[in-house]
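Below are the chains, spelled out letter by letter.
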Amino acid sequence: MFLTFGIRIQGVEYLPAGQFTENDAFLYQWMAEKIAENDTLPSRDTHRWLPIGRDNGQLLPLYSYTIAHKHKALTSIFPAL
């Protein structure tokens, strides 16, 4: 376990600031942005599985809803964020 952790963290100092290291993080960020804008996810994600998009009804976006609502709550308290 320590060997794999050591291999995994090599080169971390070369990553740009704000760079995600997993694909899921980008998906969670995109979903949280859509939830923050519209208060819910659209029924279809037209950025994937063109031309009809992916059905978002099969997702469990609890993490994205949590991020979006936490962001809304914090920006209402601290508008400078």
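Nothing here was measured: the structure is a model prediction, and the numbers come from that model. (Residues numbered from 1 in each chain as written. Predicted model: local features only at pLDDT ≥ 70, side-chain atom pairs only at ≥ 80, totals over all residues. Heavy atoms only, no water.)

1. A closer look at the overall build of the chain
- When you go through the chain residue by residue, the secondary structure sums to 3 helices and 2 strands.
- Ordered by position from the N terminus, the helices and strands of the chain form the series α-α-β-β-α.
- For the chain, whose C-alpha radius of gyration is 17 Å, the value lies well above the compact-globule estimate of 12 Å for 81 residues.
- Taken over the C-alpha atoms alone, the chain extends approximately 45 × 40 × 20 Å along its principal axes.
- The buried share of the chain, taken over its 81 residues, is 15%.
- Taking the intrachain contacts of the chain between residues at least 6 apart in sequence as the baseline, contacts between residues at least 24 apart amount to 35%.
- Within the structure as shown, the chain displays about 6800 Å² of accessible surface, and the carbon and sulfur contribution to it stands at 62%.
- Distance between charge centroids for the chain: 4 Å, based on 7 positive and 8 negative side chains. (Helix = DSSP H or I, 4+ residues; strand = E, 2+ residues; numbered from the N terminus. Rg over C-alpha atoms; globule rule 2.2 N^0.38 Å. Buried < 20%, exposed > 50% of the residue type's maximum accessible area, 1.4 Å probe, protein only. Contact = heavy atoms within 4.5 Å. Areas by Shrake-Rupley, 256 points an atom, 1.4 Å probe, with all protein chains shown as cover. Lys, Arg positive; Asp, Glu negative; His and termini not counted. Charge placed at Lys NZ, Arg CZ, Asp CG, Glu CD.)

2. Details of helix H1 (residues 2–9)
- Where burial is concerned, little of H1 is hidden: 0 out of the 8 residues are buried.
- Gly 11, located one to two residues past H1, shows a positive phi value of around 85°.

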